[in-house]
Amino acid sequence: MNDKIRTESVDHLFEAILTLESKEECYKFFEDLCTVNELMSLSQRFSVALMLRDKRTYLDIAEKTGASTATISRVNRSLIYGCDGYDMVFGRMPNH
């Protein structure tokens, strides 16, 4: 785990996120918290991770998501060498 992100400020943010109880609440909170571009970037990375997990090619992922090969590569590195956060969430989500 990256100790650089473990700050009181990040703790407060995560505590706030953990209070959200529905998708609609997530929309409201994240729309206030993030710019449209930031939220779209986060959702794009998540889509890329799902597609990499399904063994899709970089070309296919780039065409379907609009992500650059650099972004796809970065997400792939996280899947391989990261903290297993994606896998943890995928395991908890229905149909993934």
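Summary of the structure given here. (Residues numbered from 1 in each chain as written. Predicted model: local features only at pLDDT ≥ 70, side-chain atom pairs only at ≥ 80, totals over all residues. Heavy atoms only, no water.)

## As for the overall build of the protein chain
- Each helix and strand counted, the protein chain has 6 helices and 0 strands in total.
- Principal-axis analysis of the C-alpha atoms places the extent of the protein chain at approximately 35 × 30 × 25 Å.
- The burial tally for the protein chain puts 16% of its 96 residues in the buried class.
- Put simply, of all contacts in the protein chain between residues at least 6 apart along the chain, 37% involve residues at least 24 apart.
- With the model as given, the accessible surface of the protein chain reaches about 7,600 Å², and the carbon-plus-sulfur share is 55%. (Helix = DSSP H or I, 4+ residues; strand = E, 2+ residues; numbered from the N terminus. Buried < 20%, exposed > 50% of the residue type's maximum accessible area, 1.4 Å probe, protein only. Contact = heavy atoms within 4.5 Å. Areas by Shrake-Rupley, 256 points an atom, 1.4 Å probe, with all protein chains shown as cover.)

## Observations concerning the packing of helix α3 (residues 36-53) against helix α4 (residues 58-65)
- The contact between α3 and α4 brings their axes to 10 Å, and the two run at 145°. Of the two elements, α3 crosses α4, and the hand of that crossing is right-handed. From α3, Gln-44, Ser-47, Val-48, Met-51 and Leu-52 reach across to α4, where they touch Tyr-58, Asp-60, Ile-61, Lys-64 and Thr-65. (Axes fitted to C-alpha atoms, helices over the stretch in contact; angles between N-to-C directions. Left-handed = near helix turned anticlockwise from the far one by under 90°.)

## What about unusual backbone geometry?
- With phi around 65°, Lys-55 is a residue other than glycine that occupies positive phi space.
- Its place among the elements puts Lys-55 in the loop between α3 and α4.
- On the accessibility criterion, Lys-55 (73% relative accessible area) is exposed.
- Of note in the backbone geometry, Asp-84 takes a positive phi value of approximately 65° without being a glycine.
- Inspection of the secondary structure puts Asp-84 in the loop between α5 (69-81) and α6 (85-92).

## Some thoughts on the pattern of salt bridges
- This structure, assessed with the given rule, holds 2 salt bridges.
- Asp-60 is the partner of Arg-56 in a salt bridge, and the nearest nitrogen-oxygen pair spans 2.6 Å.
- A residue is classified by how much of its surface remains accessible, and Arg-56, at 31% relative accessible area, is partly exposed.
- One continuous salt-bridge network, built from bridges that share partners, spans Arg-56, Asp-60 and Lys-64. (Salt bridge = Lys/Arg side-chain N within 4 Å of Asp/Glu carboxyl O.)

## Some points on the packing of aromatic side chains
- Scanning the entire structure with this criterion turns up 4 aromatic pairs.
- Aromatic pair Phe-46 and Tyr-86: ring centres 6.4 Å apart, planes at 35°, arrangement tilted. Residue Phe-46 is found in helix α3, and its partner Tyr-86 is found in helix α6; the two are separated by 40 residues along the sequence.
- By relative accessible area, which is 21% here, Tyr-86 ends up partly exposed.
- Seen in terms of ring centroids, Tyr-86 and Phe-90 are 6.0 Å apart; in terms of plane orientation they differ by 25°. Their pairing is stacked. Here Tyr-86 and its partner Phe-90 are both found in helix α6, 4 residues apart, which amounts to about one turn of the helix.
- The exposure class of Phe-90 is buried, given its relative accessible area of 1%.
- Taken together through their ring pairs, the aromatic side chains of Phe-46, Tyr-86 and Phe-90 make up a single cluster. (Phe/Tyr/Trp six-rings, centres within 6.5 Å; stacked < 30°, edge-to-face > 60°.)

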